[in-house]
Amino acid sequence: MIVTPGSATLQDLRAIMEGEVLELPQGWEATVEASVSALAARIAEGEALYGVNTGFGKLASQRIGAADLAKLQRNLLRSHAAGTGACLPAPVVRLILAMKALSLARGASAVRPQVIAHLLALLKAGILPAIPAKGSVGASGDLAPLAHMALVLIGEGEAFAGEEVLPGAEALRRAGLTPLELGPKEGLALLNGTQVSTALALAGLFTAEALWLTALVAGALSVDAARGSDTPFDPRIHELRGQPGQIRTAAALRALLEGSAIRESHRFGDPRVQDPYCLRCQPQVMGACLDLMNHAAAVLTREANAVTDNPLVTAEGEVLSGGNFHAEPVAFAADSLALVLAETGALAERRIALLTDPVLSGLPAFLVREGGLNSGFMIAQVTAAALASENKALAMPRSVDSLPTSANQEDHVSMATGAALRLAEMADNTATILAIELLAAAQGVGFHHPLASSVPLEAAIARVREVAAPWDEDRHMAPDIAAVKRLVERGAFTGFVEGG
């Protein structure tokens, strides 16, 4: 897949995460070489240039002699590779390698073409640096994790070849590469940038989008299970408010419920005037989630294409010291995605609670016959409540937190990497909640037999029934939840939403 630096789309980035090989267009080296030549000319003039012939951070006032410039870059990688925790998953690391290559290839970082070529070769060979997940505060870039990535390029650190862990030198050999001797600024350009936090946030975005679609299916199914009304999804309501996500969500819910015999059975003469908010306000809540995801997608697409190291070097020879490494845009986007995941799960949990409550749903208590002898979905709802509560705590914004680093030189940081890292745990919780709702709603619809739901919702029920039988009497609940959760994680329900 050929991608021009600066123009990667979300579709491109998703494809790379899923294993597509990245290539750059013919002639990409020209702008890169111009930047390298420009920096070499400035070095020859003897001027102090941050990170090129000076120390880093608080040590920026220390000049480094010409004989030690390569050692300076090597030492930078070694000292900054101070990450901890479990290694990042392979799809995220693929995206990190790709985005770092795309950023450097824009020709503003004074990095030689062979450095970028090494990154692309590792990606193509499936040799992925072992990058500990923790240790970045999201300014001055994702220093520690990117240092672990960069160590492999000089034959140090560790990398994965599938499940096998290799020393850096052997990893390069397997990819047909030799260790790099880094030139001026190259180490700094490799580890300065927002690629780790952006990759994690993009992974969270892609998962949140799939869970959002699944939640619409589960929510519509719960409407039918509770014999709820589709009037709250009338387009006239949402056009009068004008929120685009709300309008699209209502349209999707209408399409999911269209043709339901259950809905038609109580359209007239139903004594209930309004449904609880968890059914009635789905367009407002899930529509707001959609708008947040769309905003996050735009921010993260721009960031994936950005040049975020420092200093930057123009083809004209100017060396510009700034702060593009500060990942505040990514932190805000990740915090927004955390809200999406938390609210998606919270609303679903409320629908589970409604379905299990016979006063609200009109269904057998806890969705099982012979209540008392059987407990049915009683504790499944408790599990959903526990996970929804856990997500509330995890959703607290990370971007408002800051701890100064580097002896107060870096006195405000974004915490973007932590903000993005926690999205995977939140998504796992939300996927479980949705699995429980799908089981509960499918069980609830069954009580209305022989009346059927709509075609897409009956198909969704059939998908659930492929892995979990109806609940006739108590049995081990956890395997059913796990089986449907696997379907959720594979996106098995997203296709039931029009345009999904």
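Look up: the structure comes first, before these words.
Residues numbered from 1 in each chain as written. Predicted model: local features only at pLDDT ≥ 70, side-chain atom pairs only at ≥ 80, totals over all residues. Heavy atoms only, no water.

### A word on the overall build of the chain
Part 1 of the argument: Counting secondary structure elements, the chain contains 20 helices and seven strands.
Part 2 of the argument: C-alpha atoms of the chain, sized along the principal axes, occupy 85 × 50 × 45 Å.
Part 3 of the argument: Counting the 500 residues in the chain, one finds 55% classified as buried.
Part 4 of the argument: Per element, the accessible surface of the chain, about 20,100 Å² overall, is 56% carbon and sulfur. (Helix = DSSP H or I, 4+ residues; strand = E, 2+ residues; numbered from the N terminus. Buried < 20%, exposed > 50% of the residue type's maximum accessible area, 1.4 Å probe, protein only. Areas by Shrake-Rupley, 256 points an atom, 1.4 Å probe, with all protein chains shown as cover.)

### Details of the nonpolar core
Generally speaking, soluble globular proteins have nonpolar side chains that are buried together.
Part 1 of the argument: Ranked by internal contacts, the top residues of the largest apolar core, which has 154 residues, are I116 and L202.
Part 2 of the argument: Tallying contributions element by element places helix α9 (residues 195-225) first for this core, with 20 residues.
Part 3 of the argument: In this view, L202 contacts L10, L13, L95, M99, L300 and A304; residues no more than four positions away in its chain are not counted.
Part 4 of the argument: Grouped together as the second largest cluster of nonpolar side chains are six residues, A38, L39, V52 and V313 included. (Core = buried A, V, L, I, M, F, W, Y, C linked by side-chain atoms within 4.5 Å. Contact = heavy atoms within 4.5 Å.)

### Some words on the packing of α9 against helix α15 (residues 328-356)
Part 1 of the argument: Running from N to C, α9 and α15 point in directions that differ by 20°, and their axes come no closer than 9 Å. As the angle between them shows, α9 and α15 are arranged roughly parallel. Crossing of α9 over α15 shows left-handed handedness. Only V330, L337, V340, L341, T344, R351 and L355 of α15 make contact with α9, whose side of the interface consists of S197, T198, A201, G204, L205, A208, L211, A215, G219, S222 and A225.
Part 2 of the argument: Grouping the amino acids of the contact of α9 with α15 by side-chain chemistry returns eleven nonpolar, six polar and one charged. (Axes fitted to C-alpha atoms, helices over the stretch in contact; angles between N-to-C directions. Parallel < 35°, antiparallel > 145°, perpendicular 65-115°, else oblique. Left-handed = near helix turned anticlockwise from the far one by under 90°. Nonpolar A, V, L, I, M, F, W, Y, C, P; charged D, E, K, R; others polar.)

### Considering the environment of L423
Part 1 of the argument: Mapped onto the elements, L423 comes out in helix α18 (residues 416-446).
Part 2 of the argument: Here L423 falls in the buried class, since its relative accessible area comes to 1%.
Part 3 of the argument: Residues L423 and G204, spaced 219 residues apart in sequence, show a C-alpha to C-alpha distance of 5.5 Å.

### Section: helix α2 (residues 29-44)
Part 1 of the argument: Taking 1.5 Å of rise per residue, 16 residues should cover 22 Å, and α2 covers 23 Å from first to last C-alpha, within 8% of that figure.
Part 2 of the argument: Of all the residues in α2, the buried ones are V32, S35, A38, L39 and R42. Seen end-on, α2 carries its buried residues on one side only, within an arc spanning 125°.
Part 3 of the argument: Among the structural elements, α4 (90-104), α5 (113-125), β6 (312-313) and β7 (319-320) are those in contact with the buried residues of α2.
Part 4 of the argument: Where α2 ends, the next residue or the one after it, G46, has phi of about 85°, a positive value. (Expected span 1.5 Å × (residues − 1). Arc of directions from axis to C-beta.)

### Considering the sheet that holds strand β5 (residues 164-167)
Part 1 of the argument: Strands sit in the order β2-β4-β5 across an open sheet of three strands; the sheet is antiparallel. Of all strands in the sheet, those bounded by a partner on one side alone are β2 (127-129) and β5. Averaged over neighbouring strand pairs, the angle between their axes works out to 35° when direction is ignored. (Pairing = 2+ DSSP bridges.)

### Some thoughts on the pairing of strand β4 (residues 158-161)
Part 1 of the argument: Sheet topology note: the β2/β4 ladder contains three bridges and is antiparallel. Note that in β4 the partner of L128 across the bridge is F160.
Part 2 of the argument: Alignment of β4 against β5, held across four bridges, turns out to be antiparallel. Counterpart to A159 in the pairing with β5 is L166.
Part 3 of the argument: Taking the residues between adjacent antiparallel strands as the criterion, β4 and β5 are bridged by two residues, where G162 takes a positive phi near 70°.

### Notes on a nonpolar patch on the surface
Part 1 of the argument: Taken together, the side chains of M378, I379 and V382 make up a nonpolar region of the molecular surface, amounting to roughly 250 Å² of accessible area.
Part 2 of the argument: Looking at where I379 falls in the secondary structure, it is placed in helix α17 (residues 378-394). (Patch = residues over 30% accessible without salt bridge, like charges linked within 9 Å, V, L, I, M, F, W, Y side chains within 5 Å. Salt bridge = Lys/Arg side-chain N within 4 Å of Asp/Glu carboxyl O.)

### With respect to the packing of aromatic side chains
Describing an aromatic ring pair means giving the distance of the ring centres and the angle of the ring planes.
Part 1 of the argument: Enumeration according to the criterion identifies two aromatic pairs in this entry.
Part 2 of the argument: For the ring pair F493 and F496, a centre distance of 6.4 Å and an interplane angle of 50° mean the geometry is tilted.
Part 3 of the argument: On the basis of relative accessibility, which here comes to 0%, the residue F493 falls in the buried class. (Phe/Tyr/Trp six-rings, centres within 6.5 Å; stacked < 30°, edge-to-face > 60°.)

### Observations regarding the state of the cysteines
Part 1 of the argument: Under the definition given, this model contains zero disulfides.
Part 2 of the argument: With no disulfide of its own, C281 lies 9.1 Å from the sulfur of C278, the closest cysteine sulfur.
Part 3 of the argument: In this structure C289 is a free cysteine whose sulfur lies 13 Å from that of C281, the closest cysteine sulfur available.
Part 4 of the argument: Its relative accessible area of 4% is what places C289 among the buried residues. (Disulfide = S-S within 2.5 Å.)

### Section: the side chain of E349
Part 1 of the argument: Tracing the backbone through its elements, the reader meets E349 in helix α15.
Part 2 of the argument: Those residues in contact with E349 that sit more than four places away from it in its chain are Q381, A384, A385, A388 and I433.

### Overview of a negative patch on the surface
Part 1 of the argument: A grouping of E370, D472, E473 and D474 is seen on the molecular surface, where their side chains present a negatively charged patch.
Part 2 of the argument: Within the secondary structure, E370 sits in the loop between α16 (358-361) and α17.
Part 3 of the argument: You can call E370 exposed: its relative accessible area is 57%. (Lys, Arg positive; Asp, Glu negative; His and termini not counted. Charge placed at Lys NZ, Arg CZ, Asp CG, Glu CD.)

### Brief notes about the side chain of D275
Part 1 of the argument: Along the chain, the position of D275 falls in the loop between α12 (261-265) and α13 (277-280).
Part 2 of the argument: There is no salt bridge for the buried D275, and the closest opposite charge comes from R272, which lies 4.6 Å off by N-O distance.
Part 3 of the argument: Polar side-chain contacts of D275 include one of 2.7 Å to the backbone nitrogen of S229.
Part 4 of the argument: What D275 contacts, discounting residues up to four positions off in sequence, is G228, S229 and R280. (Polar contact = N/O pair within 3.5 Å; in protein donor to acceptor, adjacent residues only side chain to side chain.)

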